[in-house]
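# Overview (structure and organization)
One-letter residues, chain by chain:
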Protein chains: 2
Amino acid sequence: MSKSILATGFLFVFGAGLSMNALAQAKPDVIVKQRQAVMTLQGKYFGPLVAVAQGKAPYNAAAVQRNAGFLDNLSRMAWDGFDPSTRNEKSRALPAVYDNNAKFKEYTSRLENETSTLVTLSRGGDEAAVKAQIGAVGKVCGACHDDFRSK
Amino acid sequence: MSKSILATGFLFVFGAGLSMNALAQAKPDVIVKQRQAVMTLQGKYFGPLVAVAQGKAPYNAAAVQRNAGFLDNLSRMAWDGFDPSTRNEKSRALPAVYDNNAKFKEYTSRLENETSTLVTLSRGGDEAAVKAQIGAVGKVCGACHDDFRSK
């Protein structure tokens with residue numbers, strides 16, 4: 001594909017906006033929108049896992065693997081959105097995110113580790129272990145929300 | 001982890017809401033919010049790839065692989081959000097999504113295939129091939145937006 005066809009393609013798709021934005025630091029309101037989008041999708045994929053863990057939905061191994069995989073990817077997407085530039089944007093993030101950032105980062109690492117473990121377990125056959133691990137993921141979600149998100 | 005601890009953990013995290021919602025069909029406005037969240041994040045991760053393809057940002061192999069992997073996951077997350085129940089919700093999706101659903105689904109498969117190829121290429125060493133493939137992904141985005149999204 002020639003460079004000019006490539007350039008035309010991108011213009012066709014996104015106008016001139018996207019490629020410019022890709023180079024500049026995203027604006028604080030955009031960054032907040034992006035990190036909230038991650039949380040929205042974490043809810044979409046974690047909800048059905050919780051239902052499985054609670055025995056309220058049947059255990060469908062393929063669906064559990066798929067949701068766990070998506071959740072694991074999503075668990076890595078939000079953190080660069082808690083940029084200091086967003087501190088004064090409207091959101092439920094508490095100032096502690098920035099004032100106690102070491103603890104916040106500890107939770108983010110813990111979540112990444114727990115979802116990674118969930119992916120591994122979801123590929124095995126131990127349903128009880130998967131359900132317990134869904135609980136472990138939920139515990140980190142809750143602990144972080146408790147300390148770093150307004151009620 | 002005992003069942004009661006598990007249940008307590010989920011209540012702690014989400015109140016009574018999430019587990020209930022996980023069982024019910026999500027409401028149309030929630031479904032639209034979720035699919036729009038996917039598009040928001042596709043923009044977050046595709047933008048820097050476009051900049052690389054256009055030579056406006058340096059080629060960082062690790063960053064390209066990471067963004068391609070996220071994009072590939074995201075390219076599978078939006079489609080169940082174009083549920084017929086959302087037809088009358090406020091969004092830029094055109095009625096053609098539902099009236100010409102076979103063509104819409106053809107685009108969704110094409111995007112999944114193109115992002116999957118991008119992931120594979122991003123793990124190799126052929127930068128030119130990766131850049132061309134970023135263009136191929138952008139072409140599907142644009143073609144689908146052209147046919148199925150209001151201007």
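Analysis parameters
Residues numbered from 1 in each chain as written. Chains lettered and ligands numbered in written order. Predicted model: local features only at pLDDT ≥ 70, side-chain atom pairs only at ≥ 80, totals over all residues. Heavy atoms only, no water. Helix = DSSP H or I, 4+ residues; strand = E, 2+ residues; numbered from the N terminus. Buried < 20%, exposed > 50% of the residue type's maximum accessible area, 1.4 Å probe, protein only. Contact = heavy atoms within 4.5 Å. Areas by Shrake-Rupley, 256 points an atom, 1.4 Å probe, with all protein chains shown as cover. Salt bridge = Lys/Arg side-chain N within 4 Å of Asp/Glu carboxyl O. Polar contact = N/O pair within 3.5 Å; in protein donor to acceptor, adjacent residues only side chain to side chain. Phe/Tyr/Trp six-rings, centres within 6.5 Å; stacked < 30°, edge-to-face > 60°. Axes fitted to C-alpha atoms, helices over the stretch in contact; angles between N-to-C directions. Parallel < 35°, antiparallel > 145°, perpendicular 65-115°, else oblique. Left-handed = near helix turned anticlockwise from the far one by under 90°. Nonpolar A, V, L, I, M, F, W, Y, C, P; charged D, E, K, R; others polar. pLDDT = per-residue confidence, 0-100.

Let us now look at the overall build of chain A. Each helix and strand counted, chain A has 7 helices and 0 strands in total. For chain A, the sequential pattern of α-helices and β-strands runs α-α-α-α-α-α-α. When each of the 151 residues of chain A is scored for burial, the buried share is 42%. Within chain A, counting contacts between residues at least 6 apart in sequence, those at least 24 apart form 74% of the total. For chain A, the accessible area works out to roughly 7,500 Å², and carbon and sulfur atoms hold 54% of it.

Residues and elements named next belong to chain B. Position of serine 116 relative to the elements: it lies in helix H6 (residues 101-122). Taking the relative accessible area as the measure of exposure, serine 116 reaches 32% and is therefore partly exposed. Sequence separation between serine 116 and valine 137 is 21 residues, and the spatial gap between their C-alpha atoms is 9.8 Å. Leave out the neighbours within four places in its chain, and serine 116 touches Asp72 and Arg76.

This part takes up the pattern of salt bridges. Residues and elements named next belong to chain A. With the rule as written, the count across this model stands at 12 salt bridges over all chains. We note a salt bridge from arginine 76 to glutamate 112, for which the minimum N-O separation is 3.6 Å. Remark: glutamate 112 occurs in helix H6 (residues 101-122) and arginine 76 occurs in the loop between helix H4 (61-74) and helix H5 (96-99); sequence separation between them is 36 residues. Via salt bridges that share partners, Asp72, Arg76 and Glu112 belong to a single interconnected network.

Right, let's get into the environment of arginine 35 of chain A. All names here are of chain A. Position of arginine 35 relative to the elements: it lies in helix H3 (residues 28-53). In this structure, the C-alpha to C-alpha distance between arginine 35 and aspartate 146, residues 111 residues apart in sequence, is 18 Å. Beyond its immediate sequence surroundings of up to four residues, arginine 35 is in contact with Ala78, Gly81, Phe82, Thr86, Ser91, Ala93 and Tyr98. Looking at arginine 35, its side chain comes within polar contact range of the main-chain oxygen of glycine 81, at 3.0 Å.

For glutamine 133 of chain B, the location among the structural elements is in helix H7 (residues 127-148). Those residues within four positions of glutamine 133 of chain B in sequence are excluded, and the remaining contacts are Glu114, Thr117, Leu118 and Leu121 of chain B.

This brings us to the packing of aromatic side chains. Residue and element names in this part refer to chain A. Tallied over the entire structure, the rule returns 12 aromatic pairs over all chains. Where phenylalanine 104 meets phenylalanine 148, the ring centres are 5.3 Å apart and the plane angle is 75°; that geometry is what we call edge-to-face. In this pair, phenylalanine 104 is assigned in helix H6 and phenylalanine 148 in helix H7 (residues 127-148), connecting sequence segments 44 residues apart. Each member of the pair, phenylalanine 104 as well as phenylalanine 148, is classed as buried. Taken together, the ring pairs connect Trp79, Phe82, Phe104, Tyr107 and Phe148 into an aromatic cluster.

The geometry of a pair of packed helices is captured by two quantities: the angle between their axes and the separation between those axes. Residue and element names in this part refer to chain B. For the pair H6 and H7, the least separation of the axes is 9 Å and the interaxial angle reads 165°. Judged by the angle between their axes, H6 and H7 are roughly antiparallel. Crossing of H6 over H7 shows left-handed handedness. On H7, the residues touching Lys103, Phe104, Tyr107, Arg110, Leu111, Glu114, Thr115, Thr117, Leu118, Leu121 and Ser122 of H6 are Ala129, Val130, Gln133, Ile134, Ala136, Val137, Val140, Cys141, Ala143, Cys144, Asp147 and Phe148. Here the contact of H6 with H7 is built from residues that sort into 15 nonpolar, 4 polar and 4 charged.

For chain A, the mean per-residue pLDDT works out to 89, and 84% of the residues sit at or above 70. Two summary scores accompany this predicted model of the complex, namely pTM at 0.88 and ipTM at 0.88.

Two elements in contact, H4 of chain A and helix H4 (residues 61-74) of chain B, have axes whose closest approach is 10 Å; the angle formed by their N-to-C orientations is 140°. Between H4 of chain A and H4 of chain B, the interaxial angle falls into the category oblique. Helix-helix and strand crossings are classified by hand; for H4 of chain A and H4 of chain B the assignment is left-handed. From H4 of chain A, Gly69, Phe70 and Asn73 of chain A reach across to H4 of chain B, where they touch Gly69, Phe70 and Asn73 of chain B. Within the contact of H4 of chain A with H4 of chain B, the residues separate by chemical class into 2 nonpolar, 4 polar and no charged.

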